[in-house]
Amino acid sequence: MWKYAAAACVTGAAGFVASNSVLFSGAAEQKPFPDIQSKHSLVAKHVNKEKWDRLSGIETKTSGFTLAQAISCAVEFDNQHCGIYAGDYDSYKDFADVFDPIIQEYHGINADAKHTSDMDASKIQGNVDPEAPVKSVRIRVGRSFNGFGLSPGITKQQRLDLEKLLVSAFSNFTEDLAGNYYPLLGMDEVVRQQLVDDHFLFVSGDPNLQSAGMERDWPEGRGIFHNQDKTFLVWANEEDQTRIISMQKGGDVKAVFERLARGIKAVQDSVKKESGKDFLYDEKYGYIHSCPTNLGTGMRASVHIDLPGWTAEGLTALKERCEELKLQPRGTRGESGGQTGVTFDISNKHRLGYSEVELVQCMIDGVNILFKEDLELQKKHG
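Counting of residues starts from 1 at the beginning of each chain's written sequence and follows it residue by residue. Predicted model: local features are reported for residues with pLDDT of at least 70 only, side-chain atom pairs are reported and counted for 80 or more only, and whole-chain, interface and lining totals are derived from all residues. Derived side-chain values reflect all non-hydrogen atoms in the structure, with water molecules and hydrogen atoms excluded from consideration.

(A) Looking closely at the sheet that holds strand 8 (residues 232-236). The sheet built from eight strands is open, its strands ordered 6-7-8-9-5-12-14-13 with antiparallel pairing. Single-partner strands in this sheet number two, and they are strand 6 (179-183) and strand 13 (327-331). Adjacent strand axes in the sheet meet at a mean angle of 20°, parallel and antiparallel pairs treated alike. We call two strands paired when DSSP finds no fewer than two bridges between them. In this description a helix means any DSSP run of H or I spanning at least four residues, a strand means any run of E spanning at least two, and both kinds are numbered starting from the N terminus. As judged from the five bridges shared by strand 12 (residues 300-306) and strand 14 (residues 343-348), these two strands associate in the antiparallel manner. Residue pairing in the sheet places His 304 in a bridge with Asp 345 of strand 14. In what follows, a contact means two residues having at least one pair of non-hydrogen atoms within 4.5 Å. Working convention: axes come from line fits to C-alpha atoms, limited for helices to the stretch in contact. Angles between N-to-C directions cover 0 to 180 degrees. Relative to the sheet, helix 10 (residues 253-275) contacts strand 5 (134-143), strand 8, strand 9 (242-249) and strand 12, its axis offset from that of strand 9 by approximately 150°. Sheet contacts for helix 12 (residues 315-324): strand 13 and strand 14; angle to strand 13, the most-contacted strand, approximately 150°.

Here it is, written out as structure tokens:
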């Protein structure tokens, strides 16, 4: 049963509309205030009993999502930093009194900040030094379409309808973007093994994604597209509706970004032409993602680079230097996979409050600085 707003709406700190009785939202069963296990998370800091009592009875219009579902990871696990996901665009508005302060604190933005997107690859100045020992470049973004829930809240039918639109879009790709879509459901073992070998396949079993509701109806409605050269990929209905990825061997960041920009536009134009649905974009929070840490550009631009000098200097020193350069160092096995040898994954730290061009430029410039400093550190450590 949908209920219309009887109470006056009030505008939250970030400009999203919030109220005790949100327009067009449904009513959920009121539950007692939960025991939040992640005591030091942003959820624990910004979800109190007053907000809970006021917001926990709301169900969002697009996917019937609730505040209890949004914070399930922070309630279930004790290791969350952020601890919240959105089930649809409505979540950011209906639960704005929770999301807004979390987003502002995490991204370091003001309540009146605006986000600007810029995918014009011609604005990139220079490139990674060709002498730098860069093994590969990878740039990914997330994109979501209006009218569908985000991964934690999307209904089964919405997921299938979206997959159908994406498959149609992939069939329209031409030239270097052209390729094939591989649905996870009923995937041939030979295809599956090849995707594993290429490090393209995403799999089930992540406790956070499961708790947040992102693996419901697995693996139906999910799949992977890649072009013939395996330099352009789209993940369909994983953590985000789409994860769009451009990558290649070597250090030509500008070429990878240019291909990404063309691929994003190809997906957007095709879906919009067929369905009238466009990317979800908010003037304050940029491109809408299920995880608020990805709001804004949703971009992670990274290189794998050998840094023997910085390895000798120590990981702590490298982390401190990357912080100064607005970069983030990781092991080459991912966010929690650890470090092997002298090869590091270096990426932009920020997502929101900077354009895509600015973040890619920051990564290029920062990597060039790290490379020059690494040569000096190699001399220092013999």
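(B) Local environment of the pattern of salt bridges. Only one rule defines a salt bridge in this text: a Lys or Arg side-chain nitrogen within 4 Å of an Asp or Glu carboxyl oxygen. In this structure the tally under the stated criterion is 25 salt bridges. Of the charged contacts, one joins Asp 97 and Arg 54 as a salt bridge, the two residues approaching to 2.6 Å between their closest N and O atoms. In this pair, Asp 97 is assigned in helix 6 (residues 96-107) and Arg 54 in helix 2 (residues 49-55), connecting sequence segments 43 residues apart. When accessible area is computed with a 1.4 Å probe and restricted to protein chains, residues below 20% of their type maximum are described as buried, those above 50% as exposed, and intermediate ones as partly exposed. On the basis of relative accessibility, which here comes to 22%, the residue Arg 54 falls in the partly exposed class. Each of Glu 50, Arg 54 and Asp 97 takes part in salt bridges that share partners, so that together they form one network.

(C) Quick look at the nonpolar core. Core analysis: the largest hydrophobic core is formed by 56 residues, its most contacted members being Ile 139, Phe 257, Met 299 and Ile 346. Of all the secondary structure elements, the ones that give two or more residues to this core are strand 5, helix 7 (156-171), strand 8, helix 10, strand 12, helix 12, strand 14 and helix 13 (356-380). Top element by residues in this core is helix 13. It accounts for nine residues. Non-local contacts of Ile 139, meaning those with residues more than four positions away in its chain, are made with Ile 244, Ile 245, Ser 246, Val 253, Val 256, Phe 257, Leu 260, Met 299, Arg 300, Ala 301 and Val 360. Take the buried residues of types Ala, Val, Leu, Ile, Met, Phe, Trp, Tyr and Cys, join any two whose side-chain atoms come within 4.5 Å, and each joined set is a nonpolar core. Counting residues in each nonpolar core, the second largest holds 29 residues, with Phe 65, Leu 67, Ala 70 and Tyr 92 among its members.

(D) How the structure looks around the environment of Leu 160. Topologically, Leu 160 is positioned in helix 7. Residues Leu 160 and Asn 237 lie 77 residues apart in sequence; the distance between their C-alpha atoms is 9.3 Å. With sequence-adjacent residues up to four places away left out, Leu 160 is seen in contact with Glu 220 and Gly 221.

(E) Geometry of the side chain of Lys 284. Relative to the helices and strands, Lys 284 resides in the loop between strand 10 (281-282) and strand 11 (286-287). For the purpose of counting charges, residues Lys and Arg are taken to be positive, whereas Asp and Glu are taken to be negative. His and the chain ends are not included. For the buried residue Lys 284, which engages in no salt bridge, the nearest side chain bearing the opposite charge is Asp 112, 5.9 Å off. Of note is the side chain of Lys 284, whose polar atom sits 2.4 Å from the backbone oxygen of Ala 111. As used in this structure description, the phrase polar contact means that two N or O atoms lie within 3.5 Å; if the pair is within protein, one of them must be able to donate a hydrogen and the other to accept it, and residues adjacent in sequence are counted only when both atoms belong to side chains.

(F) Quick look at helix 13. Expected span of a helix: the number of residues minus one, times 1.5 Å. An ideal rise of 1.5 Å per residue puts 36 Å on 25 residues; helix 13 measures up with 36 Å between its terminal C-alpha atoms. Positive backbone phi, at 70°, marks Gly 382, one or two positions downstream of helix 13.

Honestly, it's all geometry; don't read function into it.
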